[in-house]
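Residues per chain, in single letters:
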Amino acid sequence: MTNTTTAPASSPVHSIGGDLPVSRIGYGAMRLAETPDGLTDPMQAPIWRAPQDRRGAVALLRRAVELGIDLIDTADAYSLGESEELVAEALHPYSGRVTVATKVGVVRPSPAEWVTHGHPAYLRQQAELALRRLRVDRLDLLQLHRIDPEYPLADQLGALRQLQDEGKVRHIGLSEVTVAELRAAREIAPIASVQNVYNLSARGHDDVVDYAAEHDITFFAYFPVAVGAHAAPGGPVADVAREVGATPAQTALAWLLRRSPTLVPLPGTRSLAHLEENAGALDVRLTDAQYDRLDAIGRQA
């Protein structure tokens, strides 16, 4: 018989590295970049320039914190460092509990190019620039944007570990890695987080989610809101959303929150309404049966 009881609410807070508590809904600042007119797929956006409506972007970041979204994820490659500057303009001196995560390890020769570059000296240089742009003495979480096959992993993580030993980095994370790469990395440096694309319809990293949960590693899911036919109006996600009195986006995020206790979705948006909608996902309760239905939909997708 299917269990139709409502499961206990997912914890609204998760602790990165065991000592850095953050809300289970974060904010992905990549979406703050200017988007060309007519672009319908956010994954194809160049992320090249800061938004023209800078005042609106600052207001949105401040509203995120007011809503309890206290984890802001950015990168030096977003708008050539302007994303980090925008976060600092909006939130510095980060009063209260605000955690900023950033990334290094990708260069941007042009709007269409994202080139992995893991030379240890370059990684350390970009971290120093991030410290200046964010106006801090220590980065809460520094993530290797991509592992560069041109350099030994020990050298790349060694650069981040050196920064950590110098007191300039609190925690180290990785982005877009496999379980094997995560295991190898943990032999070199303490890894507090991993950030991969993950949502109901993008389930290629199920094993990484499970490994992260087993070892109390934070799993940041970027592009966390499901897309595709099953997420369309009238689709199966919308059906569950109607049952729980939520929006499809909130329902997809609620599934992620139950998927793993160490999973933190990073939805990004330039809309205040969508920001508030995303924050509301923490209040959505799925029954076991509803969770299982969504899980099955995602696996089929």
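Residues numbered from 1 in each chain as written. Predicted model: local features only at pLDDT ≥ 70, side-chain atom pairs only at ≥ 80, totals over all residues. Heavy atoms only, no water.

1. Description of the overall build of the chain
Along the backbone of the chain there are 10 helices and 12 strands. Against the compact-globule benchmark of 19 Å for 301 residues, the chain has a radius of gyration of 19 Å, which places it among compact chains. In terms of overall dimensions, the chain has C-alpha extents of about 55 × 45 × 35 Å along its principal axes. When burial is assessed residue by residue, the chain has 52% of its 301 residues classed as buried. The contacts of the chain with a sequence gap of at least 6 include a subset with a gap of at least 24, amounting to 75%. When the accessible surface of the chain is totalled, it reaches about 12,900 Å², and 49% of it is carbon and sulfur. Each charge class in the chain can be summarised by its mean position, and for the 29 positive and 38 negative side chains these summaries are 3 Å apart. (Helix = DSSP H or I, 4+ residues; strand = E, 2+ residues; numbered from the N terminus. Rg over C-alpha atoms; globule rule 2.2 N^0.38 Å. Buried < 20%, exposed > 50% of the residue type's maximum accessible area, 1.4 Å probe, protein only. Contact = heavy atoms within 4.5 Å. Areas by Shrake-Rupley, 256 points an atom, 1.4 Å probe, with all protein chains shown as cover. Lys, Arg positive; Asp, Glu negative; His and termini not counted. Charge placed at Lys NZ, Arg CZ, Asp CG, Glu CD.)

2. A word on unusual backbone geometry
The omega torsion of the bond from His92 to Pro93 falls at 15°, within 30 degrees of zero and hence cis. Along the chain, Pro93 turns up in the loop between helix 2 (82-91) and strand 5 (99-104). The backbone phi angle of Ile47 is positive, close to 50°, even though this residue is not glycine. Structurally, the position occupied by Ile47 is in the loop between strand 3 (27-28) and helix 1 (54-66).

3. Focus on the environment of Asn278
Assignment of secondary structure puts Asn278 in helix 9 (residues 272-279). Taking C-alpha positions, Asn278 is 23 Å from Arg299, a pair spaced 21 residues apart along the chain. Not counting residues up to four positions away in its chain, the partners in contact with Asn278 are Ile25, Leu253, Pro267 and Thr269.

4. With respect to the sheet that holds strand 9 (residues 169-175)
If you trace the eight strands from one edge of the open sheet to the other, you get 3-4-5-8-9-10-11-12, paired in parallel fashion. In the strand order of this sheet, the two ends are held by strand 3 and strand 12 (263-266), each with one partner. For strand 10 (residues 193-197) and strand 11 (residues 218-222), the ladder comprises five bridges, and the chain directions are parallel. The residue bridging Gln195 from the neighbouring strand is Phe220, located in strand 11. (Pairing = 2+ DSSP bridges.)

5. Some remarks on the pairing of strand 11
Of all five residues making up strand 11, five are buried, and the element is well covered by its neighbours. Neither face of strand 11 is open: one carries Thr218, Phe220 and Tyr222, the other Phe219 and Ala221, and all of them are buried. Regarding the hand of the β-α-β motif, the stretch spanning strand 10, helix 6 (residues 206-214) and strand 11 is right-handed. Sheet topology note: the strand 11/strand 12 ladder contains four bridges and is parallel. Following the sheet pairing, Tyr222 is matched in strand 12 by Leu266. (Right-handed = clockwise from strand over helix to strand, strands pointing away.)

6. A short note on the confidence of the model for the chain
Residues with a pLDDT of 70 or more make up 93% of the chain, whose mean pLDDT is 93. A low-confidence stretch, residues 1-5 (pLDDT under 50), is modelled with seven contacts involving residues beyond four sequence positions or located in other chains. (pLDDT = per-residue confidence, 0-100.)

7. As for the side chain of Asp73
By the element assignment, Asp73 lies in strand 4 (residues 71-73). The exposure class assigned to Asp73 is buried, which follows from its relative accessible area of 2%. Among the polar contacts made by the side chain of Asp73, one reaches the side chain of Lys103 at a distance of 2.7 Å. When near neighbours in sequence (up to four residues on either side) are disregarded, Asp73 contacts Tyr27, Gly28, Ala29, Met30, Tyr78, Ala101, Lys103, Gln143, Gln195 and Leu266. (Polar contact = N/O pair within 3.5 Å; in protein donor to acceptor, adjacent residues only side chain to side chain.)

8. Describing the packing of aromatic side chains
For the structure on display, the rule yields five aromatic pairs. The interplanar angle of 15° and the centroid separation of 6.0 Å between the aromatic rings of Trp255 and Tyr291 together place this pair among those described as stacked. With Trp255 in helix 8 (residues 248-259) and Tyr291 in helix 10 (residues 288-300), this pair connects stretches of sequence that are 36 residues apart. In this structure Tyr291 comes out as buried when scored by relative accessible area, which is 12%. Of the aromatic side chains, those joined through ring pairs into one cluster are Tyr198, Phe219, Trp255 and Tyr291. One Lys or Arg, Arg108, reaches over the ring of Trp114 and ends 3.7 Å from the middle of that ring. (Phe/Tyr/Trp six-rings, centres within 6.5 Å; stacked < 30°, edge-to-face > 60°. Lys NZ or Arg CZ within 6 Å of the ring centre and 35° of its normal.)

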